[in-house]
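# Chains, contacts and geometry: an overview
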Amino acid sequence: MENKLKVKVSLIDDKICVLTIFGELTIFSNDFDLFVKEVNAYMKMGIFRFILDLTNLNYIDSSGIGVIIRLATNASKHNTKIITICNNAQVLRIFSVSNIDKILKFVKSVNEGLEFYNNDQGVSQ
Amino acid sequence: MIFKFTISGKEEEIVEFEKELLDILLRIVGDEEMVAHEIHFCVHEAILNILQHTYKWNVNLPIDIRIDVTEDAKSNKILKISIKDLGPPIENPIIPPKQIEKFQLRKRGLYMISKIMDDFSIEPLGKNGNITNMKKVLTLKNNDVPII
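The structure presented is a predicted model; accordingly, all values stated were derived computationally and were not measured.

Conventions we followed
Residues numbered from 1 in each chain as written. Chains lettered and ligands numbered in written order. Predicted model: local features only at pLDDT ≥ 70, side-chain atom pairs only at ≥ 80, totals over all residues. Heavy atoms only, no water. Buried < 20%, exposed > 50% of the residue type's maximum accessible area, 1.4 Å probe, protein only. Helix = DSSP H or I, 4+ residues; strand = E, 2+ residues; numbered from the N terminus. Pairing = 2+ DSSP bridges. Axes fitted to C-alpha atoms, helices over the stretch in contact; angles between N-to-C directions. Parallel < 35°, antiparallel > 145°, perpendicular 65-115°, else oblique. Left-handed = near helix turned anticlockwise from the far one by under 90°. Contact = heavy atoms within 4.5 Å. Nonpolar A, V, L, I, M, F, W, Y, C, P; charged D, E, K, R; others polar. Phe/Tyr/Trp six-rings, centres within 6.5 Å; stacked < 30°, edge-to-face > 60°. Lys NZ or Arg CZ within 6 Å of the ring centre and 35° of its normal.

Moving on to the pairing of strand 1 (residues 2-7) of chain B. Residue and element names in this part refer to chain B. Because side chains alternate across strand 1, one face comprises the buried residues Phe3, Phe5 and Ile7, and the other comprises Ile2, Lys4 and Thr6, none of which is buried. In this structure, strand 1 lies alongside strand 2 (residues 63-71), joined through 6 bridges in antiparallel fashion. Within strand 2, the residue paired with Phe5 across the bridge is Ile65.

This is the structure we're talking about:
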């Protein structure tokens, strides 16, 4: 039995990284470490605009939240925010309890997120 | 009702236990599915805390979990969860932070447990081990059936 985590990555103009996450984002998820390394690699490349499509995320724990906080911290240094798409009530409740809903920008679609970044006055690369 | 489990820190045992835990919680809370998921999250975080900080990822050491479900005089369900580890006892009881900085990583799990549960503490157990105690009062709704 394993907690499945699947991530689809799209890089837009080498500036915006869209992470579509399926399944469970917990430290016990298979490939969680790989996911963290991959996210860190994108940040080292200088990417700070991330769109997290969590439409298909079923569960998240403090380890998964930790990854999102690191992304949000990095984005904040560039005066912008991490875009999040999420409609799972349980995941949203965890975001609320952890207070990270206050440091994320919630939108309804990836296109809306792209529009936000296009109009964003954050520090450019 | 009392439920007892002993698991190791092995991933497959934890995943299997957490599935069973969620089934139990969903039966206990009735229509309040979100509450079941929140309590499930707290138990997950407490186990993760033991594995990370007490057992330092030695996944072979045991973790004992006990869930007691009782009722108070108003027929509210009282859920008490205790989780024992056999790691080195902590020097002082752990007090979760009342507030947390926007981008703070450390202690966020403890903070979240304390926001969800009505009582939460981690205390040393003499010379060997620690106990994590959590309590949640589930207010009886009109359509709930008392457990006794």
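When two helices pack together, you describe them by how their axes are tilted relative to each other and by the distance separating the axes. Packing of helix 3 (residues 89-98) of chain A against helix 2 (residues 33-54) of chain B brings their axes to within 10 Å, and their N-to-C directions diverge by 55°. It follows that helix 3 of chain A is oblique to helix 2 of chain B by the angle criterion. In this structure, helix 3 of chain A meets helix 2 of chain B at a crossing whose hand is right-handed. Between helix 3 of chain A and helix 2 of chain B, the residues in contact are Ala89(A), Gln90(A), Arg93(A) and Ile94(A) and Glu33(B), Met34(B), His37(B), Glu38(B) and Phe41(B), respectively. Within the contact of helix 3 of chain A with helix 2 of chain B, the residues separate by chemical class into 4 nonpolar, 2 polar and 3 charged.

Residue and element names in this part refer to chain A. Counted according to the given criterion, the structure contains 3 aromatic pairs over all chains. The interplanar angle of 50° and the centroid separation of 6.2 Å between the aromatic rings of Phe95 and Phe106 together place this pair among those described as tilted. Here Phe106 lies in strand 5 (residues 104-106) and Phe95 lies in helix 3, a separation of 11 residues in the sequence. A cation sits over an aromatic face here: Lys6 above Phe22, 5.5 Å from the ring centre.

Moving on to the pairing of strand 3 (residues 77-85) of chain B. All names here are of chain B. Burial analysis of strand 3 places 7 of its 9 residues in the buried class, which makes it a mostly covered element. With 9 bridges connecting them, strand 2 and strand 3 associate as antiparallel partners. The residue of strand 3 that forms the bridge with Glu71 is Lys77. The turn joining strand 2 and strand 3, which pair antiparallel and follow one another in sequence, is formed by 5 residues; a positive phi near 65° is taken by Ser75. Both strand 3 and strand 5 (residues 130-138) contribute to a ladder of 9 bridges, which runs antiparallel. Bridging from a neighbouring strand, Asp85 pairs with Asn130 of strand 5.

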